[in-house]
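Summary of the model geometry
In case you want the letters, here they are:
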Amino acid sequence: MNSAAPARASLAYCDARGRIFFDERTRPLADGGVVRPPLADELIPAPAGTVEMVLPGRRPLAGDAVAPRASERRNALAVALPAGYTRLLLPAYRADPGAPPLPLFGYTFACELDDRLHVAAARTDEHDDWRPRYFARGELETAIARRRERDPGNAVLAQLAVCAREYGCFTAQNVFLERGEAALPVSPTCNARCLGCISELDADAGIPSPQRRIDFEATAEALARIALAHLERVPDGVVSFGQGCEGEPLLRIAAIERAIERIRGATQAGTVNLNTNGSLPRSLQRAIDAGLQAVRISLNSFRPHAYAAYYRPLGYALEDVLESARIASRAGLRVSLNLLTHPGVTDDEQEVAAANEFLSSVRVDMVQTRTLNVDPQVYFDAVGRPARPLGMRFALDALALRTQLGNFTHTH
Ligand code: SF4
C-alpha cells in the first residue's frame, strides 16, 4: 500500500467555455477506485503532449473524501497523457443526470501544484519513435504517394493511407516513412466486443468509435509485399499483424501463415510480430510454426470476471488468452502483454495477486502498461469498483518485480 503524504495540491477545474482555472483554497479529490486526495508521489508536472479536456455535465469533487463537495458552476477537468506515460488516478466528479457518455480517452486526474498543472502519471517508456509527430506541409502525402506508386493495386496500402492520414496511426505512417514498426492489418471481424473497442462499438454506445473497422480481408500476397518492402528498407524493423483498425487477426490465421512463409522464404531480416487478443491458442501455434517471432497479447485483467466484463468474448475465455501466452513463451518468442490499465481495477488487491501468480509462473519479456481509453463510469459499472485498491504505483512496482515494464513494442 502506498504510504506517501497527501499532495499540497489545489483544485483545477474548467468553466463552461472550457477555460482552466486553479482554486488554491480548495483541496481536490481524485478517484483511485475509491475517492481520495492525491498523494505527493502520484503527481508529476504535465508532460509535453498532454491534452486538457473539460468533462461535460460533470462537477469536480473536492474537500473531505468522506463528504466530498461538488460545485454546481464548475466543470471537471481531465487530461489525456502522451505516449510513454501510464495513468495513476482518475478525475473524481459527480455526473449531472443525463450527462452524455464520454468518448474513448484515458481520462487522467490533474490539479495545480506550485502554480503549474500536474497530472497523476508515471513515465513507463522512453522511445523516440513514439514522440508526437509534426509533418511539414505535404511531407506525409508525398511519402504516401511515392510508396503507393511502387505497389498501386495493394488494397492494404490504400487502407494504411487512410490510417496514416485520418487516424494519425504511427505504425501505418511508418510504412510510408519506412521506419520502425510497420502495420499489417488483416481481419475485418473479431470474436470479442470490447467496451472500448477503437474500431467498432455497439450501436447503442452513444459515442463514435475513433476509427472505422477495415471492411475487407487482406490477402497474404498483399501483406507479404508490404512486409518485404519494409524489411528491405528497415532491416532491423518490425512488421506487425493486428492493428487498431481491425478485428482479431487470429481469425485469419491461414492468410497470416501464408504471409509469414512468403516473408521468411525471402528474407530473415527484422521481426515478425503479432498483436492479438490471444483468444485462439491453436491458431497462434500455427503462426509460430510458420515463423512468428514476437507476440503482444492484450488483456485488461488476470481475473476471469473482470476480463469477461470488458472483452465480452465470443466462444473463448481468459484461460485461452493465458494459454496463448504460455505457448508463445515455451516456443521462445518475445512475449509482451498489453495490459489495459485502469485505477481501481489494475491495483485491486486481488488483481495484483492474480497478475503476480501468472507472471511468476510464465516468462513474459514485457508488460506494456497502457492507459485504458474508456468512460470510467461505464467501466466501473461493468467490472465493479475495488474491494481494496493498493494504488497504481504499488501495482506497477509489483509488475516490475516480475518483468520489464514498457509502453511500446520493443524487439529486445
Ligand atoms: S479485441 Fe480488439 S478488435 Fe476485438 S473488440 Fe476488442 S479492441 Fe476491438
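Residues numbered from 1 in each chain as written. Predicted model: local features only at pLDDT ≥ 70, side-chain atom pairs only at ≥ 80, totals over all residues. Heavy atoms only, no water.

1. Examining the site of the ligand
Neighbouring the ligand are the residues Cys190, Ala192, Cys194, Cys197, Arg213, Glu246, Gly247 and Asn277. Looking at the shell around the ligand residue by residue, the class counts come to four nonpolar, two polar and two charged. (Near = heavy atom within 4 Å. Nonpolar A, V, L, I, M, F, W, Y, C, P; charged D, E, K, R; others polar.)

2. Focus: the domain arrangement of the protein chain
What the domain assignment reports for the protein chain is domain 1 (11–123) and domain 2 (128–406). Of note, the centres of domain 1 and domain 2, computed from C-alpha atoms alone, are 29 Å apart. Each side of the interface is counted separately: domain 1 has 25 residues, and domain 2 has 31 residues. If you sort the residues of domain 1 by the area they bury against domain 2, Thr86, Arg87 and Leu104 come out on top, with a joint share of 31%. Salt-bridge contacts for Asp31 lead to Arg385; the nearest nitrogen and oxygen are separated by 2.9 Å. At the surface where domain 1 touches domain 2, the tally comes to 10 residue pairs in polar contact (both at pLDDT 80 or more). Listing elements by their share of the side of domain 1 that touches domain 2, those giving two or more residues are strand 10 (85–87) and strand 14 (116–123). The residue inventory of the side of domain 1 that touches domain 2, partitioned by class, reads 15 nonpolar, four polar and six charged. (Domains from an automatic or database assignment. Contact = heavy atoms within 4.5 Å. Buried area = accessible area lost by both parts, 1.4 Å probe. Salt bridge = Lys/Arg side-chain N within 4 Å of Asp/Glu carboxyl O. Polar contact = N/O pair within 3.5 Å; in protein donor to acceptor, adjacent residues only side chain to side chain. Helix = DSSP H or I, 4+ residues; strand = E, 2+ residues; numbered from the N terminus.)

3. A word on the nonpolar core
Among the nonpolar cores identified, the biggest contains 102 residues, and Phe241, Phe302, Leu337 and Phe358 are the most heavily contacted of them. For this core, the leading source of residues is helix 4 (residues 220–233), giving eight residues. When near neighbours in sequence (up to four residues on either side) are disregarded, Leu337 contacts Ile297, Leu299, Phe302, Ala325, Phe358, Leu359, Val364, Met366, Val367 and Gln368. Membership of the second largest hydrophobic core comes to 11 residues, among which are Ala12, Leu81, Leu117 and Ala121. (Core = buried A, V, L, I, M, F, W, Y, C linked by side-chain atoms within 4.5 Å. Buried < 20%, exposed > 50% of the residue type's maximum accessible area, 1.4 Å probe, protein only.)

4. Looking at the environment of Glu139
Examined against the element boundaries, Glu139 turns out to sit in helix 1 (residues 139–149). For Glu139, a relative accessible area of 37% gives the class partly exposed. A C-alpha to C-alpha distance of 13 Å links Glu139 and Glu178, two positions 39 residues apart in sequence.

5. What about the packing of helix 9 (residues 349–359) against helix 11 (residues 392–400)?
Running from N to C, helix 9 and helix 11 cross one another at 10 degrees; their axes reach a closest spacing of 10 Å. When the axis of helix 9 is compared with that of helix 11, the two are roughly parallel. Touching Val352, Ala355 and Leu359 of helix 9 are Phe394, Ala395, Ala398 and Leu399, all from helix 11. For the contact of helix 9 with helix 11, the residue count by class is seven nonpolar, no polar and no charged. (Axes fitted to C-alpha atoms, helices over the stretch in contact; angles between N-to-C directions. Parallel < 35°, antiparallel > 145°, perpendicular 65-115°, else oblique.)

6. Quick look at unusual backbone geometry
You will see that Asp114, though not glycine, has its phi angle at about 55 degrees, which is positive. Mapped onto the elements, Asp114 comes out in the loop between strand 13 (110–113) and strand 14. Positive phi outside glycine occurs at Glu178, with the angle close to 55 degrees. Relative to the assigned elements, Glu178 resides in the loop between helix 3 (170–177) and strand 15 (181–184).

7. Quick word on the pairing of strand 7 (residues 58–62)
The buried count for strand 7 comes to five of five residues, which makes it a mostly enclosed element. Two elements, strand 7 and strand 12 (residues 93–95), share three bridges in a ladder whose sense is antiparallel. By the bridge assignment for strand 12, Arg59 is matched with Arg94. Sheet topology note: the strand 7/strand 8 (residues 69–70) ladder contains two bridges and is antiparallel. Looking at strand 8, one finds that Ala62 is bridged to Arg69. Turn length for the strand 7-strand 8 hairpin, with the two strands adjacent in sequence and antiparallel, is six residues, and the turn residue Gly63 shows positive phi of about 85 degrees. (Pairing = 2+ DSSP bridges.)

8. What to know about the side chain of Asp96
Within the secondary structure layout, Asp96 lies in the loop between strand 12 and strand 13. In this structure the side chain of Asp96 is engaged in a polar contact, spanning 2.6 Å, whose partner is the side chain of Arg59.

9. Some remarks on the sheet that holds strand 6 (residues 51–55)
Within the open sheet, the four strands sit side by side as 2-1-9-6. Their pairing is antiparallel. With one partner strand each, in any of the chains shown, strand 2 (20–23) and strand 6 form the two edges of the open sheet. The sheet shows a mean angle of 45 degrees between the axes of neighbouring strands, direction not considered. Judged from the five bridges that link them, strand 6 and strand 9 (residues 75–80) form a sheet pairing that is antiparallel. Bridging from a neighbouring strand, Val51 pairs with Ala80 of strand 9.

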